[in-house]
Amino acid sequence: KGADVLLRALALLPDMPAWSASVVGDGPLRSDLQELARDLGVADRVTFHGFANTSELPKLLSEFDIMVVPSRMDMRVLVTIEAMAAGAATVVSDATAVWGPGDLIQEGVTGLVHASDDPGDLARQLSRLLGNRELLTALRRNGTERVADFGPEAFARTMASAAHGRRSA
């Protein structure tokens, strides 16, 4: 999913206000990622949370100011909408299918987009957020408002509209 890209980006961040990162998830690459964090000199700022089930995730996400999806390819990243609903500013790679006109992430409005597999670009986007509290606050607020268009009520309206359209055709 690109957690290594995130770690490499974190290592590129200039000295700026204190930050910390959590990597959520588990799997066979966890020990390799922990070793990479040590090699990059960021292990003291990165917590490897491990697996979080669906009942734990909302509370966990509500603790984040920024949520990063550094995926190399991911079609519809559900955690994006969950993080936005929890109030986190969201940064996704351009290899996710959640950004663009009319989608969840609108660059600079409801989130930020970085070039996939490019730690330097991700570091630039993270630096923008860490160095600009106004932008961070705006993305958090706008993202939370945006997800209302993608929640269960919006889905029900879309389904009702589609069903109504079929009957009238």
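Residues numbered from 1 in each chain as written. Predicted model: local features only at pLDDT ≥ 70, side-chain atom pairs only at ≥ 80, totals over all residues. Heavy atoms only, no water.

Participant: Now, about the sheet that holds strand 3 (residues 66–69): what can you tell me, with residues and values included?
Facilitator: Read across the sheet, three strands follow the order 3-4-5 without closing on themselves; strand pairing throughout is parallel. If you trace the sheet from one side to the other, it starts and ends with strand 3 and strand 5 (112–114), each paired once. Averaged over all pairs of adjacent strands, the angle between strand axes in this sheet comes to 20°, irrespective of strand direction. The sheet contact formed by strand 4 (residues 89–93) and strand 5 spans three bridges and is parallel. Opposite Val92, over in strand 5, you have Val113 as the bridge partner. The strands touched by helix 5 (residues 119–130) are strand 3, strand 4 and strand 5; relative to strand 5, the strand with the most contacts, the crossing angle is about 155°. (Pairing = 2+ DSSP bridges. Helix = DSSP H or I, 4+ residues; strand = E, 2+ residues; numbered from the N terminus. Axes fitted to C-alpha atoms, helices over the stretch in contact; angles between N-to-C directions. Contact = heavy atoms within 4.5 Å.)

Participant: Please set out helix 5 residue by residue, giving values where relevant.
Facilitator: Taking 1.5 Å of rise per residue, the 12 residues of helix 5 would be expected to cover 16 Å, and the 16 Å separating its terminal C-alpha atoms lies within 8% of that figure. Buried within helix 5 we find Pro119, Gly120, Asp121, Leu122, Ala123, Gln125, Leu126 and Leu129. Residues of helix 5 that are buried in the fold lie against helix 1 (3–12), strand 3, strand 4, strand 5 and helix 6 (133–147). Here helix 5 starts with a cap whose side-chain oxygen sits 3.1 Å from the backbone nitrogen of Gly120, and that cap is Asp118. (Expected span 1.5 Å × (residues − 1). Buried < 20%, exposed > 50% of the residue type's maximum accessible area, 1.4 Å probe, protein only. Polar contact = N/O pair within 3.5 Å; in protein donor to acceptor, adjacent residues only side chain to side chain.)

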